[in-house]
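Residue strings, one per chain:
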Amino acid sequence: MAAGANPWAGEVVLVVDGVRHRAKLTLGALAELEARLEAESLADLVARFEGDALRARDVLMLVCAGLRGGGWEGDLPDLLSAEIEGGPLEAARVAARLLALAFRVPE
């Protein structure tokens, strides 16, 4: 369970089935996401999310990777049947925030 998120550590909070979870795109989570999306590189992965062909499943996979990077022990089938507080718009917002935090240049 997550009380809050530390954006300086790349963390975002997402409420799934009424439980607050901390999400973070760790290197392991990014590698898992690359494999699931069959991306050739991190650049390809980021480009996929910046393009116009973004799919709901891509957002779910990114959110799932972030949740797993934050310590969640579920997997994509669990997330497919879960209630995400804020619905699809919140899931997309969290996905975008995770990417932005994971690839930001430190100040």
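Below you will find a few notes about this structure.

## Observations concerning the nonpolar core
Across soluble globular proteins, you tend to see nonpolar side chains buried next to one another.
Working step 1: With 30 residues, the main nonpolar core has L25, L33, L62, V63, L67 and L79 as its most contacted residues.
Working step 2: Residue assignment for this core shows that the elements contributing at least two residues are β1 (11-16), α1 (27-37), α2 (42-50), α3 (56-69), α4 (76-80) and α5 (87-102).
Working step 3: For this core, the element with the most residues is α3, which contributes eight residues.
Working step 4: Each residue touching L33, except ones within four places of it in the same chain, is listed here: L45, F49, M61, L62 and A65.

## Brief notes about the pattern of salt bridges
Side chains carrying opposite charge are able to pair once their charged atoms draw close together.
Working step 1: The full count for this structure, using the stated rule, is seven salt bridges.
Working step 2: Between E32 and R36 there is a salt bridge, and its shortest N-O distance comes to 4.0 Å. Taken together, the positions of E32 and R36, both in helix α1 and four residues apart, correspond to about one turn of that helix.
Working step 3: We note a salt bridge from D58 to R55, for which the minimum N-O separation is 3.4 Å.
Working step 4: For R55, a relative accessible area of 45% gives the class partly exposed.

Reading the values: the criteria
- Within each chain, residue numbers correspond to sequence positions counted from 1 in written order.
- It should be noted that, the model being predicted, local features are given only for residues of pLDDT at least 70 and side-chain atom pairs only at 80 or more, the latter also being counted only at that level, while totals for whole chains, interfaces and linings use all residues.
- Only hydrogens and water are set aside when side-chain values are computed; all heavy atoms of the structure are taken into account.
- To qualify as a nonpolar core, a set must consist of buried Ala, Val, Leu, Ile, Met, Phe, Trp, Tyr and Cys residues joined through side-chain atoms within 4.5 Å.
- Burial classification: accessible surface area is computed with a 1.4 Å probe over protein chains only, and a residue below 20% of its type maximum counts as buried, one above 50% as exposed, and the rest as partly exposed.
- Runs of E in the DSSP output that reach at least two residues are strands. Runs of H or I that reach at least four are helices, and both are numbered from the N terminus.
- The contact definition used throughout considers only heavy atoms, calling two residues in contact when any of these lie within 4.5 Å.
- What counts as a salt bridge is simple: a side-chain nitrogen of Lys or Arg found within 4 Å of a carboxyl oxygen of Asp or Glu.

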